[in-house]
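# Topology and contacts: notes
For reference, the chains in residue letters:
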Amino acid sequence: MAKIFISYRRNDSGYVVDALHRALSSHVDDPKRDIFLDVDNIPFGVNFVEHLNRKVGECEVLLAVIGKDWLNASDPVSGERLISRQEDFVRVEIAAALERGVPVIPVLLDGAQVPNPSELPESIRSLSHHNGVRLTRENFKADIEKLVRGSPVALSQKDASASVQSSSVSVEDEAPAPYTAYVSSSETGRPKLDGSVDQEFYFRRSPLLWFALPVYIIIFPLL
């Protein structure tokens with residue numbers, strides 16, 4: 001996977017973002033360089049809006065991590081919804097991605113839903129139409145794999161090389177011959193796949209045949 005921007009609210013989804021970051025680290029070449037995680041990485045003294053715009057522009061996908069309080073998170077003093085503010089970090093990040101045509105994937109936590117267009121500021125209203133992925137505690141690993149497989153960005157060199165190695169495996173190495181998918185016919189007494197019968201099995205496993213064979217040899221000349 002290529003460079004990733006993770007957009008989230010600490011009070012809403014900070015508990016799972018660290019785990020998400022660790023899981024995605026194995027899918028990039030350099031996690032420190034290829035995953036932008038936190039506004040704490042913004043240098044002092046720079047215009048944070050310009051900085052975020054530049055960082056979003058460097059990424060090939062933005063993950064908008066949305067928990068149940070993402071939409072209605074508010075200022076503890078004024079009570080104003082954070083998403084309503086033009087300077088809201090999350091709003092700036094998503095708006096920059098949408099404006100630049102960077103794919104935005106909603107990552108939905110704890111049963112959260114993508115907000116309706118009427119609930120969002122105009123600059124990020126189209127987020128409502130983006131297909132997302134659910135991330136659950138119970139199926140975290142499987143959900144991460146689904147996110148990686150469904151991502152619109154290219155695989156990293158690490159993943160690409162693994163894919164090449166996997167695709168270079170011969171059919172014989174990838175799957176056993178048809179009959180080895182079952183227990184060997186000499187161990188089960190089942191007819192072989194070519195329609196013949198494993199005679200060794202019947203003579204080795206059937207005491208009745210060993211008893212009947214001498215009788216047959218004695219009686220047959222008298223017939």
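Reading the values: rules and limits
Residues numbered from 1 in each chain as written. Predicted model: local features only at pLDDT ≥ 70, side-chain atom pairs only at ≥ 80, totals over all residues. Heavy atoms only, no water. Helix = DSSP H or I, 4+ residues; strand = E, 2+ residues; numbered from the N terminus. Buried < 20%, exposed > 50% of the residue type's maximum accessible area, 1.4 Å probe, protein only. Contact = heavy atoms within 4.5 Å. Areas by Shrake-Rupley, 256 points an atom, 1.4 Å probe, with all protein chains shown as cover. pLDDT = per-residue confidence, 0-100. Pairing = 2+ DSSP bridges. Right-handed = clockwise from strand over helix to strand, strands pointing away. Core = buried A, V, L, I, M, F, W, Y, C linked by side-chain atoms within 4.5 Å. Salt bridge = Lys/Arg side-chain N within 4 Å of Asp/Glu carboxyl O. Expected span 1.5 Å × (residues − 1).

Time to look at the overall build of the chain. Scanning the chain for helices and strands turns up 10 helices and 5 strands. Put simply, the chain has 223 residues, and 35% of those count as buried. Taking contacts inside the chain between residues at least 6 apart in sequence as the whole, the part at least 24 apart equals 69%. Split by element, the accessible area of the chain, about 14100 Å² in all, is 55% carbon and sulfur.

Per-residue pLDDT for the chain has a mean of 74; in total, 65% of the residues score no lower than 70. In the model of the chain, helix α7 (residues 171-174) stands out as the element of lowest mean pLDDT, 31, in contrast to strand β4 (residues 104-109), which has the highest, 96.

Counted residue by residue, β4 has 6 buried out of 6 residues, so it is predominantly covered. By the bridge criterion, 5 bridges tie strand β3 (residues 61-66) to β4 in an arrangement that is parallel. Across the sheet, the residue bridging to L63 is I105, located in β4. Taken together, β3, helix α4 (residues 89-100) and β4 constitute a β-α-β crossover, and its handedness is right-handed. Pairing of β4 with strand β5 (residues 133-135), which is carried by 3 bridges, proceeds in the parallel orientation. Residue pairing across strands places L109 opposite L135, the latter belonging to β5.

This paragraph deals with the nonpolar core. Membership of the largest hydrophobic core comes to 26 residues, with the highest contact counts inside it found for L62, W70, I94 and I124. Contributions of two or more residues to this core are made by α3 (48-58), β3, α4 and β4. By residue number, the principal contributor to this core is α4, which donates 7 residues. With residues near it in sequence (within four places) discarded, I124 still touches W70, I83, R91, I94, A95 and L98. If you look at the next biggest cluster of nonpolar residues, it comprises 21 residues, including I6, V28, V61 and I144.

So, about the pairing of β3. With respect to burial, β3 is a largely interior element, 6 of its 6 residues being buried. Side chains of β3 alternate between two faces, with V61, L63 and V65 and L62, A64 and I66 buried alike. Across 4 bridges, the pairing between strand β1 (residues 4-7) and β3 is parallel. Paired with F5 across the bridge in β3 is L62.

Before going further, it helps to examine the pattern of salt bridges. Using the criterion set out here, one finds 5 salt bridges in the structure. A salt bridge links R9 to D88; its shortest N-O distance comes to 2.7 Å. Of this pair, R9 sits in the loop between β1 and α1 (10-25) while D88 sits in the loop between β3 and α4; the two residues are 79 residues apart in sequence, bridging distant segments of the chain. On the accessibility criterion, D88 (8% relative accessible area) is buried. R33 is the salt-bridge partner of D34, the closest N and O atoms lying 2.7 Å from each other. On the basis of relative accessibility, which here comes to 4%, the residue D34 falls in the buried class. When salt bridges with common partners are traced through the structure, they connect D75, E80 and R85 into a single cluster.

For the rest of this paragraph, the subject is α4. When the terminal C-alpha atoms of α4 are compared, their 17 Å separation across 12 residues agrees well with the 16 Å that a helix rising 1.5 Å per residue should span. Counted residue by residue, α4 has 9 buried out of 12 residues, so it is predominantly covered. Within α4, burial applies to V90, R91, V92, E93, I94, A95, A96, A97 and L98. Against the buried residues of α4 lie β1, α3, β3 and β4.

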